[in-house]
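# Structural features, examined
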Amino acid sequence: AFRRGHIFLHPSRHEGNAYALLEALASGLPVVTTNVGLFASIEDGLVGRVLPVGSTVTEWAGAVRDVWTNGWPELSKAARACAESTADFKKFKDEWVKLLRHVIMRALKQ
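A brief look at the structure comes next. (Residues numbered from 1 in each chain as written. Predicted model: local features only at pLDDT ≥ 70, side-chain atom pairs only at ≥ 80, totals over all residues. Heavy atoms only, no water.)

Before going further, it helps to spend a moment on the nonpolar core. The biggest cluster of nonpolar side chains holds 17 residues, and the ones touching the most others in it are F8, L21, L25, V31, F39, I42 and V47. Taken together, the elements giving at least two residues each to this core come down to α1 (19–26) and α3 (72–86). Residues contacting I42, with those up to four places away along its chain left out, are V47, V50 and C82. Residues V32, A63, V67 and L75 belong to the second largest nonpolar core, which totals six residues. (Core = buried A, V, L, I, M, F, W, Y, C linked by side-chain atoms within 4.5 Å. Buried < 20%, exposed > 50% of the residue type's maximum accessible area, 1.4 Å probe, protein only. Helix = DSSP H or I, 4+ residues; strand = E, 2+ residues; numbered from the N terminus. Contact = heavy atoms within 4.5 Å.)

On to the packing of α1 against α3, then. Between α1 and α3, the shortest axis-to-axis distance is 7 Å and the interhelical angle comes to 125 degrees. When the axes of α1 and α3 are compared, the pair comes out oblique. Residues L22, L25 and A26 of α1 pack against A79, R80, C82, A83 and T86 of α3. A class-by-class count of the residues in the contact of α1 with α3 yields six nonpolar, one polar and one charged. (Axes fitted to C-alpha atoms, helices over the stretch in contact; angles between N-to-C directions. Parallel < 35°, antiparallel > 145°, perpendicular 65-115°, else oblique. Nonpolar A, V, L, I, M, F, W, Y, C, P; charged D, E, K, R; others polar.)

This paragraph deals with the environment of A26. Relative to the assigned elements, A26 resides in helix α1. Along the backbone, A26 and R3 are 23 residues apart, and their C-alpha atoms lie at a distance of 9.5 Å. Once residues within four sequence positions are removed from consideration, A26 is found in contact with R80 and A83.

Structural measurements only, silent on function.
Quick look at the structure:
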């Protein structure tokens, strides 16, 4: 289904590392999303548009037009490259282990 699309819209107020966004990126879909979770650290314009939470419908429509008219093929390639560098299972595992160790150490100190 992702490969039949052209742009992936993902408005969210709260997010971690959204698997739907990673799947879209891996399929080469540029995204229009909000600056939460993983996308709090991904630059606007790198793989699509990253809007502030609370953006208006008019701003969303403008972002879609911008992605569609200003470099869709290049953004598609960048989206895939971003997924390859971000969605690494070893990296996910290492980050979770680090977090769990931190939580355990804090609990042991109490």
